[in-house]
2 protein chains.
Amino acid sequence: MPRNRRISESTVRRLSIYYRLLSGLEKEGAPTVSSRELAEKEKLTPAQVRKDLSFFGSFGTRGLGYPVRELREKIARILGLNRTWNVAVVGAGNIGSALVSYKEFQKQGFLIKLIFDNDQRKIGSSHKGIPVSDVSHLADELKAHHIDIVVIAVPGPAAQGVAEEAVSAGVRAILNFAPVSLKIPASVSLRNENMSMELEQLSYFLVGGNG
Amino acid sequence: MPRNRRISESTVRRLSIYYRLLSGLEKEGAPTVSSRELAEKEKLTPAQVRKDLSFFGSFGTRGLGYPVRELREKIARILGLNRTWNVAVVGAGNIGSALVSYKEFQKQGFLIKLIFDNDQRKIGSSHKGIPVSDVSHLADELKAHHIDIVVIAVPGPAAQGVAEEAVSAGVRAILNFAPVSLKIPASVSLRNENMSMELEQLSYFLVGGNG
DNA sequence: AATTGTGAAATTGTTCACAGCA
DNA sequence: TGCTGTGAACAATTTCACAATT
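All of these numbers come straight from a predicted model, not from anything done at the bench.

**Some remarks on empty space enclosed by the protein**
Rolled over the atoms, a probe as big as a water molecule pinpoints where empty space is left. Across all of its chains, the model carries 1 cavity of 30 Å³ or more by this definition. Here the largest cavity is characterised by a volume of approximately 80 Å³. Around the largest cavity, the lining residues are Ile95(A), Ala98(A), Leu99(A), Phe177(A), Met195(A), Ile95(B), Ala98(B), Leu99(B), Phe177(B) and Met195(B). Sorting the residues of the lining of the largest cavity by element identifies helix 5 (94-101) of chain A together with helix 5 (94-101) of chain B as the ones contributing at least two each. Here the lining of the largest cavity is built from residues that sort into 10 nonpolar, no polar and no charged.

Have a look at this one:
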């Protein structure tokens with residue numbers, strides 16, 4: 001039975017992990033899986049797996065474990081993966097183009113419907129069958145195509161403007177690849193994917209941050 | 001004076017954020033900055049900024065704040081950004097190619113020296129002046145070029161093999177873009193950049209994970 | 001007067017340990 | 001017996017609040 005505790009970000013992140021593991025197990029035909037097995041595949045404890053899942057309900061059977069297919073479906077529903085989402089990518093540069101070609105998104109139901117750029121030479125061309133539109137029509141197009149998620153892949157200085165346009169068009173989720181911190185209302189969900197920062201964390205470790 | 005507390009991952013992540021803010025402030029010519037000003041630019045508290053910095057020393061002046069240039073340099077040294085690192089990208093597909101063209105890396109001193117692929121049509125060609133090498137020579141080339149950090153941008157099923165080769169070549173830091181969980185020794189630092197997972201977090205929010 | 005640096009308190013997240021069930 | 005579900009204990013992280021300093 002679902003609890004009413006506020007679910008932590010780390011729990012939701014692990015839900016994604018469980019989802020991936022369960023998809024694999026389902027393909028292999030495993031009927032059930034224990035919290036210990038799930039934990040061993042990642043670097044988690046069985047108790048953590050059980051606690052994470054218990055926030056959303058009692059999905060397992062004592063003595064047996066969790067039914068793979070059912071649990072995968074339950075998590076899909078919790079994460080909103082039992083449906084499709086309309087995604088727009090803003091910025092048809094290196095990263096934007098790579099994202100459009102990235103097959104995983106389609107597979108998970110994240111459908112890239114629009115690409116935007118401000119370069120007249122790119123506008124009108126198309127990537128993987130998706131035409132590149134003029135970013136100056138951003139808000140209108142986002143609304144017209146019922147875009148749920150905007151991926152920002154423009155240079156840093158342009159990112160805040162794009163975010164504001166997206167918010168004004170009613171978009172409630174943004175994935176930001178620009179290395180700047182966006183100011184948007186708390187009602188809009190924002191994730192940052194800053195690849196330089198990831199390398200910096202590795203660099204910290206290499207210079208001795210470890211021990 | 002540096003403390004001997006174990007520095008948390010979140011503190012190191014914020015150090016990267018402070019570094020970016022300070023770089024901007026330095027360009028603007030600001031001589032000093034207070035913890036309050038730093039906190040306001042991101043969504044942090046002044047106390048957190050002060051505590052984070054205090055783990056590494058006393059960099060500020062009471063009543064005045066922190067000297068921008070000095071603090072930026074201190075953090076650069078802590079994060080290992082006062083030097084360059086040799087990086088190899090494995091996988092010349094969409095993501096790998098985008099990373100090679102991504103200017104931020106060069107700017108931060110992460111120099112992409114090698115690209116690897118297993119596609120004979122790509123091997124021998126070059127991206128941005130960096131030749132694409134045959135992944136079957138991975139370990140040898142990594143050693144020969146003193147690569148510090150390996151970026152894995154290959155399809156999921158190939159990632160674990162690449163990681164093992166990298167580890168066997170003495171690489172101690174890996175940035176993994178493949179949507180799988182890599183098994184590597186604890187002595188090797190690993191960061192995962194899983195873009196589908198980020199979208200899934202947004203999806204969770206959109207279906208009501210918020211409140 | 002302003003702002004740092006930091007113990008202590010509060011909060012959040014993780015692990016333990018065991019009752020309860022198949 | 002094996003394994004879940006969970007309150008309680010524990011650990012980590014964040015925030016508070018204030019003495020110390022310029």
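**Remarks on the pairing of strand 6 (residues 130-134) of chain A**
Residues and elements named next belong to chain A. Most of strand 6 is tucked away: 4 of the 5 residues are buried. Here strand 5 (residues 126-127) runs beside strand 6; their pairing, made up of 2 bridges, is antiparallel. Bridge pairing in strand 6 places His 127 opposite Ile 130. Counting the residues in the hairpin turn of strand 5 and strand 6 gives 2 residues, including Lys 128, whose phi is positive at 50°.

**What to know about the relation of the copies chain A and chain B**
Its rotation angle being 180°, the transformation that places chain A on chain B also includes 0.0 Å of axial translation and leaves an RMSD of 0.1 Å. Both chain copies can therefore be described as sitting about a two-fold axis. Nearest to the rotation axis, the C-alpha of Ala98(A) is located 3.1 Å from it, this being the minimum over chain A. In this assembly, 100% of the residues forming the interface of chain A have copies in chain B that are likewise at the interface, indicating an isologous arrangement.

**As for the sheet that holds strand 8 (residues 173-176) of chain A**
Residues and elements named next belong to chain A. The 7 strands lie next to each other as 5-6-4-3-7-8-9, forming an open sheet whose pairing is mixed. Whereas interior strands pair on both sides, the edge strands pair on one side only; in this sheet they are strand 5 and strand 9 (189-192). Along the sheet, helix 5 contacts strand 3 (85-90), strand 4 (110-117), strand 5, strand 6 and strand 7 (149-152); its crossing angle with strand 4, the most-contacted strand, is approximately 155°.

**A few points about the interface of chain A and chain B**
In this complex, chain A contributes 61 residues to the contact, which on the side of chain B involves 61 residues. Contact between chain A and chain B buries roughly 5700 Å² in total, counting both sides, with carbon and sulfur atoms accounting for 62%. The interface formed by chain A and chain B holds 2 salt bridges in total. Here Arg191(A) makes a salt bridge to Glu198(B), at a shortest N to O gap of 2.8 Å.

**Overview of helix 4 (residues 68-79) of chain A**
Residues and elements named next belong to chain A. Taking 1.5 Å as the rise per residue, helix 4 with 12 residues should run 16 Å; its terminal C-alpha atoms sit 16 Å apart, in good agreement. For helix 4, the full list of buried residues reads Val 68, Leu 71, Arg 72, Ile 75, Ala 76, Ile 78 and Leu 79. Across the axial projection of helix 4, the buried residues extend over an arc of 165°, all falling on one side. One or two residues past the end of helix 4 sits Gly 80, with phi positive at roughly 75°.

**Focus: the packing of aromatic side chains**
Residues and elements named next belong to chain A. Using the criterion set out here, one finds 2 aromatic pairs over all chains in the structure. Consider the rings of Tyr 102 and Phe 105, whose centres lie 4.9 Å apart with planes at 80°: the pair is edge-to-face. What makes Phe 105 buried here is its relative accessible area of 4%. Between the NZ or CZ atom of Arg 83 and the centre of the ring of Trp 85, over which it lies, the distance is 3.5 Å.

**Observations concerning the sheet that holds strand 5 (residues 126-127) of chain B**
Residue and element names in this part refer to chain B. The strand order 5-6-4-3-7-8-9 describes an open sheet built from 7 strands, whose pairing is mixed. What marks the edges here is a single partner per strand, and that holds for strand 5 and strand 9 (189-192). In the sheet, strand 8 (residues 173-176) pairs with strand 9 via 4 bridges, with the strands oriented parallel. Bridged to Leu 175 within strand 9 is Arg 191. The strands touched by helix 5 within the sheet are strand 3 (85-90), strand 4 (110-117), strand 5, strand 6 (130-134) and strand 7 (149-152), with strand 4 carrying the most contacts at an inclination of about 155°.

**Quick word on the pattern of salt bridges**
Residue and element names in this part refer to chain B. On inspection of all chains with the given rule, the structure shows 19 salt bridges over all chains. Between Glu 26 and Arg 72 there is a salt bridge, with its nearest N and O atoms 2.4 Å apart. Taken as a pair, Glu 26 in helix 1 (residues 9-28) and Arg 72 in helix 4 (residues 68-79) lie far apart in primary sequence, 46 residues in all. For Glu 26, a relative accessible area of 26% puts it in the partly exposed group.

**Looking at the layout of surface pockets**
Computed from the structure, the second largest pocket encloses a volume of approximately 1200 Å³. Forming the boundary of the second largest pocket are 47 residues, of which Pro155(A), Gly156(A), Pro157(A), Pro179(A) and Glu104(B) lie nearest the centre. Mapped onto the lining of the second largest pocket, the elements with two or more residues apiece are helix 5, strand 4, helix 8 (156-168) and helix 9 (195-209) of chain A together with helix 1 and helix 6 (103-107) of chain B. Among the elements that line the lining of the second largest pocket, the one with the most residues is helix 1 of chain B, at 9 residues. Looking at the lining of the second largest pocket, its residues break down into 20 nonpolar, 14 polar and 13 charged.

**Overview of the domain arrangement of chain A**
The domain boundaries assigned to chain A delineate domain 1 (9-78) and domain 2 (85-197). For domain 1 of chain A and domain 2 of chain A, the distance between their C-alpha centroids amounts to 32 Å.

**Some remarks on the side chain of Glu42(B)**
Here Glu42(B) shows up in the loop between helix 2 (35-41) and helix 3 (46-54). A polar side-chain atom of Glu42(B) sits 3.4 Å from a polar atom in the side chain of Ser181(A). With residues near it in sequence (within four places) discarded, Glu42(B) still touches Ser181(A), Ile17(B), Arg20(B) and Leu21(B).

Rules used throughout
- Per chain, residue numbering runs from 1 following the sequence as it is written.
- Key to labels: chains lettered from A, ligands numbered from 1, both in the order written.
- For this predicted model, a pLDDT threshold of at least 70 governs which residues receive local features, and a threshold of 80 or more governs which side-chain atom pairs are given and counted, while totals over whole chains, interfaces and linings are taken from all residues.
- Think of the side-chain values as coming from all heavy atoms in the structure, minus any hydrogens and water.
- The way it works is a 1 Å grid over only the protein atoms, where trapped points that fit a 1.4 Å probe form a cavity and open points with protein on both sides within 12 Å along at least five of seven lines form a pocket, and then any residue with an atom within 4 Å of a point lines it.
- Grid points are joined across faces, edges and corners, and a volume is the space filled by probe spheres set on the points.
- The helix count covers DSSP runs of H or I at least four residues long, the strand count covers runs of E at least two residues long, and both are numbered beginning at the N terminus.
- In this count, Pro and Cys sit with the nonpolar residues alongside Ala, Val, Leu, Ile, Met, Phe, Trp and Tyr, while Asp, Glu, Lys and Arg are called charged and the others, Gly among them, polar.
- Only protein chains enter the accessibility calculation, which uses a 1.4 Å probe. A residue is then buried if its area is under 20% of the maximum for its type, exposed if over 50%, and partly exposed in between.
- Strands are labelled as partners when DSSP assigns at least two bridges between them.
- The copies were overlaid with a least-squares fit restricted to C-alpha atoms from residues scoring a pLDDT of at least 70 in each copy.
- Throughout, a residue-residue contact means that at least one pair of heavy atoms, one from each residue, lies within 4.5 Å.
- Under this scheme, a helix contributes an axis fitted over its contacting stretch, all axes are lines through C-alpha atoms, and angles between N-to-C directions fall in the 0 to 180 degree range.
- The term buried area means the drop in 1.4 Å probe accessible area that two parts suffer when joined, counted for both and summed.
- Any Lys or Arg side-chain nitrogen found within 4 Å of a carboxyl oxygen on Asp or Glu counts as a salt bridge.
- To estimate the expected span of a helix, subtract one from its residue number and multiply by 1.5 Å.
- Note: the arc covers the axis-to-C-beta directions of the helix.
- In summary, the pairing rule links any two rings of Phe, Tyr or Trp, Trp by its six-membered ring, whose centres are within 6.5 Å, and it sorts them by plane angle into stacked for under 30 degrees, edge-to-face for over 60 and tilted for everything else.
- Charge-over-ring placement is defined geometrically: NZ (Lys) or CZ (Arg) within 6 Å of the ring centre, and within 35 degrees of the ring normal.
- Where each domain starts and ends follows an automatic or database-derived domain assignment.
- In protein, a polar contact means a hydrogen-donor-capable atom and an acceptor-capable atom, both N or O and within 3.5 Å, with residues adjacent in sequence counting only if both atoms are side-chain atoms; elsewhere, any N or O pair within 3.5 Å suffices.

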